[in-house]
Structures are given as C-alpha cells and as structure tokens.
Amino acid sequence: MSLLSTPQIPLFRITLFYGPEAVEGASDSVHCVFNVKKRSWKGGVQVEVVMQKNQIARLEGVLEYPLWLKDILSRVPADDREEYLEKTQDLLVQLLCFHKLQAFIQRGIRQENIQIPRDSLVSETDEAVQREAVEIKRQIYVELDLIEEENAQ
C-alpha cells in the first residue's frame, strides 16, 4: 500500500468570465459571470452571480476590509494607490461572488446557464465569507503581487 495519497481533483473548473459590472436597471446590484465546467460535462455553463451592494458593504465590515485595505495601500507607492484601490475593489467583489457561486454549487448545479439572484443564498454567502476571511484577504494580496511580510489578518 502506498503512503502517497492521490491528489484530490476538483469536480468543477470555475473561471471568471467577466465582472464585476453594474446590473442594468438595478443600481443597487453588481454581477460577475463565471464559466463552470464539471469534469463529467462535455461543455461548461455560464453562471451569473448577482450581489446587492449593501451585502457587499456589510461583508466589507465583517472582513474589517477598510482597515486592512488602508494598511495594504500604505505599503504601495503613493502614485500607484488609486490603481491598487480599484483593483482591490474588483477582486473583493469577484471573490464574494465566487463564494456565493460555491454555495450554489454545493446545493446542486445542473448543466444549464443560470442566474443566481441577488436575494438568493445571502446567509450562506455571509457564512462562507466569515469562514474564509483570511483566505480572501490572502488571495487579494497575492493577486496584487505584494510581498507577504505577515499573514493577511
């Protein structure tokens, strides 16, 4: 018997297609679109994940995001801060939408294009974001190509 375990291969390949963008006709919502492909499917599906801006703001508070962001941006040259600020906001919304998508997948996804409405899976998304707070910040940090001097808390 081998001591090596087989690496776990994810059942789904999830790729950000685009977003975040404002939802047309709904100024209080944004959306991201993901391509989701299950290994057993011949092709992927597009899943539009819609989130309310007030939920995003609430989750920023849960993550203590404004304080964390202020600290992160203090390490960036002043001339680059505006660009980094814009990138971090996009990355945050993409990750929040990703966690909502994960909650949707856990409930069962069929091979069809679908929209996850803004008022769907709110508490599940909140719980996932609370649970994954450190990882969300770490992913933003890594995506910005910043050298990790300490753990993203």
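Refer to the structure printed above.
What counts and how
Every chain is numbered on its own, with residues counted from 1 as its sequence reads. Predicted model: local features are reported for residues with pLDDT of at least 70 only, side-chain atom pairs are reported and counted for 80 or more only, and whole-chain, interface and lining totals are derived from all residues. With hydrogens and water excluded, all non-hydrogen atoms of the structure serve as input to the side-chain values. The rule for pairing is simple: two strands pair if DSSP sees at least two bridges between them. A run of H or I in DSSP counts as a helix once it spans at least four residues, and a run of E counts as a strand once it spans at least two, with each numbered from the N terminus. Note on definitions: angles span 0 to 180 degrees between N-to-C directions of axes, and those axes are lines fitted to C-alpha atoms, for helices only across the stretch in contact. By the convention used here, residues are in contact when the closest approach between their heavy atoms is within 4.5 Å. Here the word oblique covers every angle except those under 35 degrees (roughly parallel), over 145 (roughly antiparallel) and from 65 to 115 (roughly perpendicular). Whether a crossing is left-handed or right-handed is set by the direction in which the near helix is turned from the far one by less than a right angle, anticlockwise for left-handed and clockwise for right-handed. Residues were grouped as follows: Ala, Val, Leu, Ile, Met, Phe, Trp, Tyr, Cys and Pro as nonpolar; Asp, Glu, Lys and Arg as charged; and all remaining residues, including Gly, as polar. Stacked, edge-to-face and tilted labels apply to pairs of Phe, Tyr and Trp rings (six-membered ring for Trp) whose centres lie within 6.5 Å, assigned for plane angles under 30 degrees, over 60, and everything in between, in that order. When a residue's accessible area, from a 1.4 Å probe over protein chains only, is under 20% of the maximum for its type it is buried; when over 50% it is exposed; and in between it is partly exposed. Here, a charge over a ring means that NZ of Lys or CZ of Arg falls within 6 Å of the ring centre while also lying within 35 degrees of the ring normal.

K.L.:
Which parts of the structure should I look at to understand the sheet that holds strand S1 (residues 12–23)?
P.N.:
Think of a sheet as strands paired side by side through backbone hydrogen bonds, with each pair either parallel or antiparallel. Ordered in space as S1-S2-S3-S4, the 4 strands form an open sheet in which the pairing is mixed. Across the chains shown, the open sheet's two edge strands, defined by having one partner strand only, are S1 and strand S4 (114–116). With strand direction ignored, the average angle separating the axes of adjacent strands in the sheet is 20°. Note that S1 and strand S2 (residues 26–38) share 9 bridges and pair antiparallel.

K.L.:
I'm lost on the side chain of Gln 94 in this one. Help?
P.N.:
Relative to the assigned elements, Gln 94 resides in helix H3 (residues 81–107). Dropping the residues within four chain positions of it, Gln 94 is found in contact with Leu 16, Gly 19, Pro 20, Cys 32 and Phe 34.

K.L.:
Just to check I follow, could you spell out the packing of helix H2 (residues 65–74) against helix H5 (residues 133–143) for this structure?
P.N.:
When two helices pack together, their arrangement is given by the angle between their axes and by how far apart the axes lie. In the contact formed by H2 and H5, the axes pass within 12 Å of each other and the chain directions differ by 30°. One way to sum up the angle between H2 and H5 is to call them roughly parallel. Crossing of H2 against H5: the hand is right-handed. Residue-level inspection shows Tyr 65, Trp 68 and Ile 72 of H2 in contact with H5, the latter providing Lys 137, Ile 140 and Tyr 141. Residue composition of the contact of H2 with H5, by class: 5 nonpolar, no polar and 1 charged.

K.L.:
What is the right way to look at the packing of aromatic side chains in this model?
P.N.:
The geometry of two aromatic rings is summed up by the distance between their centres and the angle between their planes. The tally for this structure, following the rule as stated, stands at 4 aromatic pairs. When the centroid spacing of 6.0 Å and the interplanar angle of 75° are considered together, the rings of Phe 12 and Trp 41 count as edge-to-face. Taken as a pair, Phe 12 in strand S1 and Trp 41 in the loop between S2 and strand S3 (45–52) lie far apart in primary sequence, 29 residues in all. With a relative accessible area of 10%, Trp 41 lands in the buried category. Looking at Lys 87, its charged tip hangs above the ring of Tyr 84, at a distance of 5.7 Å from the centre.

K.L.:
What exactly am I supposed to notice about the packing of helix H1 (residues 53–62) against H3 here?
P.N.:
Interhelical geometry of H1 versus H3 gives an angle of 100° and a closest axis separation of 11 Å. Between H1 and H3, the interaxial angle falls into the category roughly perpendicular. Across the interface between the two elements, Ile 56, Leu 59 and Glu 60 of H1 pack against Gln 89, Leu 92, Val 93 and Leu 96 of H3. Residues belonging to the contact of H1 with H3 are distributed by class as follows: 5 nonpolar, 1 polar and 1 charged.

K.L.:
Where do I start with the environment of Gly 44 in this structure?
P.N.:
As for its position among the elements, Gly 44 is in the loop between S2 and S3. Beyond its immediate chain neighbours, meaning those up to four positions away, Gly 44 contacts Asn 35, Val 36 and Lys 37.

K.L.:
Before we go on, may I ask you to explain the pairing of S3 in this structure?
P.N.:
Within a regular strand, the side chains alternate between the two sheet faces. Of all 8 residues in S3, 6 are buried; the element is thus mostly enclosed. Inspection of the sheet shows S2 paired to S3 by 8 bridges, in the antiparallel sense. What sits directly across from Cys 32, in S3, is Val 49. Here S2 folds back onto S3, and the loop between the two strands holds 6 residues. Sheet analysis places S3 next to S4, joined by 3 bridges and oriented parallel. Among the inter-strand pairings, Val 47 is bridged to a residue of S4, identified as Ile 114.

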